[in-house]
Amino acid sequence: MSVKNICCIGAGYVGGPTCAVIAYKCHDIKVTIVDLNQARIDAWNSDKLPIYEPGLEEVVFDRRGKNLFFTTDVDGAINEADLIFVSVNTPTKKSGMGAGMAADLAYVESATRRIAEVSKTSKIVVEKSTVPCRTAQSMRTILEANSTPEVSFQILSNPEFLAEGTAIDDLFNPDRVLIGALQTEEGIAAQNALVEVYTHWVPRERCITTNLWSSELSKLAANAMLAQRISSVNALSAICEATGADVDEVARACGRDTRLGSKFLKASVGFGGSCFQKDILNLVYLSEQLNLPEVAAYWKQVVIMNEYQKKRFVRKIISTLFNTITNKKIAVLGFAFKKDTGDTRESAAITLIKDFIQEHARVAIYDPKVEHEQIYMDLSEPGVVDTRKEVEKHIQICASPYEAAEGADAVVIVTEWDEFKDENLDYEKIYQGMNKPAFLFDGRLLINAAKLRQIGFKVNVIGKNELAGTA
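In this convention, every chain numbers its residues from 1, walking through the sequence in written order. Per-residue local features of the predicted model are confined to residues with pLDDT of at least 70, and side-chain atom pairs are confined, for both listing and counting, to 80 or more; whole-chain, interface and lining totals are unaffected and use all residues. Note that the side-chain values use all heavy atoms of the structure and ignore hydrogens as well as water.

Caption draft 1: Region of the structure containing the overall build of the protein. Every helix listed is a DSSP run of H or I at least four residues long, and every strand listed is a run of E at least two residues long, numbered separately from the N terminus. What the protein contains, in helices and strands, is 18 helices and 14 strands. Here the globule rule reads 2.2 Å times residues to the power 0.38, and the radius of gyration is calculated from C-alpha atoms. At 24 Å, the protein has a C-alpha radius of gyration in line with the 23 Å of a compact globule built from 471 residues. Across its three principal axes, the protein shows a C-alpha extent of roughly 75 × 45 × 45 Å. Exposed residues in this analysis have more than 50% of their type's maximum accessible area, buried residues have under 20%, and partly exposed residues fall in between, with area computed by a 1.4 Å probe over protein chains only. Within the span of the protein, comprising 471 residues, buried residues form 53% of the whole. A separation of at least 24 residues holds for 76% of the contacts in the protein among residues at least 6 apart in sequence. Total accessible area on the protein is roughly 21000 Å²; 51% of this is exposed by carbon and sulfur atoms. Positive: Lys, Arg. Negative: Asp, Glu. His and the chain ends are not part of the count. Here the site of a charge means atom NZ of a Lys, CZ of an Arg, CG of an Asp or CD of a Glu. The positive charge centre, built from 53 side chains, and the negative charge centre, built from 62, are 3 Å apart in the protein. Contacts are assigned to residue pairs with any non-hydrogen atoms lying within 4.5 Å of each other. Shrake-Rupley sampling with a 1.4 Å probe provides the accessible areas, and residues are treated as covered by the protein chains on show and by no other component.

Structure (structure tokens):
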């Protein structure tokens, strides 16, 4: 079984970069990325790609029109393909059973039904979206109900482990590629066919083959453990502020233990992104469904801690600004959930700014990559009453950090963009333009507090007491 034609359903953050890199590394394989959203496909076919990711443009522009294609002809691409990646959105359900925790698998199901309806030859169907454990079972049920002696389907799980901002590097040089299959002769043959695709550039020993359910659970488990580390160090940051310990020093001391390692021990205003919270809540819901309430409560605490950290940061800002921010101007630097991406999903900035608006502050926002319309969408809550007009009254989207800080009472660093570091940004200039006393709140451990205090700023850093180690 050899793969010569790949179709990817879903041209988003996962499907787009993953399949573009497959085309870049496998010139002998035709890769077609399909989506029903015409505007998104048009963007993939233009000079301005719909997502920002360092290195992505070079990859797409090199292979587009050769062995990499973007189209809305879903049925045609499914029919041509030997292997189909299902890489559609799986948001957390907003209503109904499992609301707020369970993944909404409606898009996965409709993609699976489409494959079943239009396929005229046998296919390998690969679950690429982040899904709860045993989702492949429902996909398999749909596909098998539609299979014939001439058309059969094999299901694989191949979760992505990309970090936004470094996705292309992660794809070029992955820690591991995980491929789960049913442990049948046909399942293992399909698994080997996908291994063969990846070993065009990934060493064979990094391709881990498991059963289907282990692969599905491993993705949720990896994200839950990474998020758990962030919540652990954020919990310690609160203790540091209360005691005079320095969270950077504590994290460095812990990180030197080879059993722990130093990664994901950076205190912050809280984690965001499309995966961590969604995957943990998935795990919580799964545990509850399996009647494991203690396990569910354990993982839920990671999310509770993350929300607490954001609220704690807001309370600190308000109390420092003399217990009111009504009509005060707050400059928020950064809106993306992390640097080097334009993705705002579950960004801490959204929670913070909504709280500022509720306190009747005037908020000036600057982010180098996030589109203005995206900011308005994230801060508005469409529904019976659209809050967009109310949001527009309270926020101003700025073209530079200096514009945002002009006349501000406080500057709040929410995203760790390199341009906000004190060696890259003229904080003297920012200080001159602000109301005095000029407050600066660092939610990302990004700046040299002592240096900025010398300029005149009143600096608050998450996880650090102003008199750390000296009081």
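Additional details are given in the paragraphs that follow.
Caption draft 2: Spotlight on the sheet that holds strand β10 (residues 362-366). One open sheet holds the 6 strands; their spatial order is β11-β10-β9-β12-β13-β14, and the pairing between them is parallel. The outermost strands of the open sheet, each flanked by one partner alone, are β11 (395-397) and β14 (458-461). Going across the sheet, the axis of each strand differs from the next one's by a mean of 20°, ignoring polarity. When strand β13 (residues 439-442) meets β14, the two strands line up parallel, connected through 4 bridges. The residue bridging Asp442 from the neighbouring strand is Val461, located in β14. Note on definitions: angles span 0 to 180 degrees between N-to-C directions of axes, and those axes are lines fitted to C-alpha atoms, for helices only across the stretch in contact. Running over the sheet, helix α14 (residues 372-379) touches β10 and β11 and is turned about 160° from β11. DSSP-based pairing: two strands are paired if at least 2 bridges between them are found.

Caption draft 3: Highlighting the side chain of Asn306. Looking at the secondary structure, you find Asn306 in helix α12 (residues 293-320). With relative accessibility at 0%, the residue Asn306 sits in the buried group. Apart from residues no more than four positions distant in its own chain, Asn306 is found in contact with Ser231, Gly270, Phe271 and Gln277.

Caption draft 4: Seen up close, the sheet that holds strand β5 (residues 123-127). The strand order β3-β2-β1-β4-β5-β6-β7-β8 describes an open sheet built from 8 strands, whose pairing is mixed. Bordering the open sheet on either side are β3 (68-71) and β8 (207-211), each of which pairs with just one other strand. Direction aside, the axes of adjacent strands within the sheet are offset by 25° on average. Pairing of strand β4 (residues 83-86) with β5 involves 4 bridges; the strand directions are parallel. Within β5, the position partnered with Phe85 by the bridge is Val126. Against the sheet, helix α1 (residues 15-25) makes contact with β1 (5-9), β2 (30-34), β3 and β4, and its axis sits at roughly 165° relative to β2, the strand it touches most.

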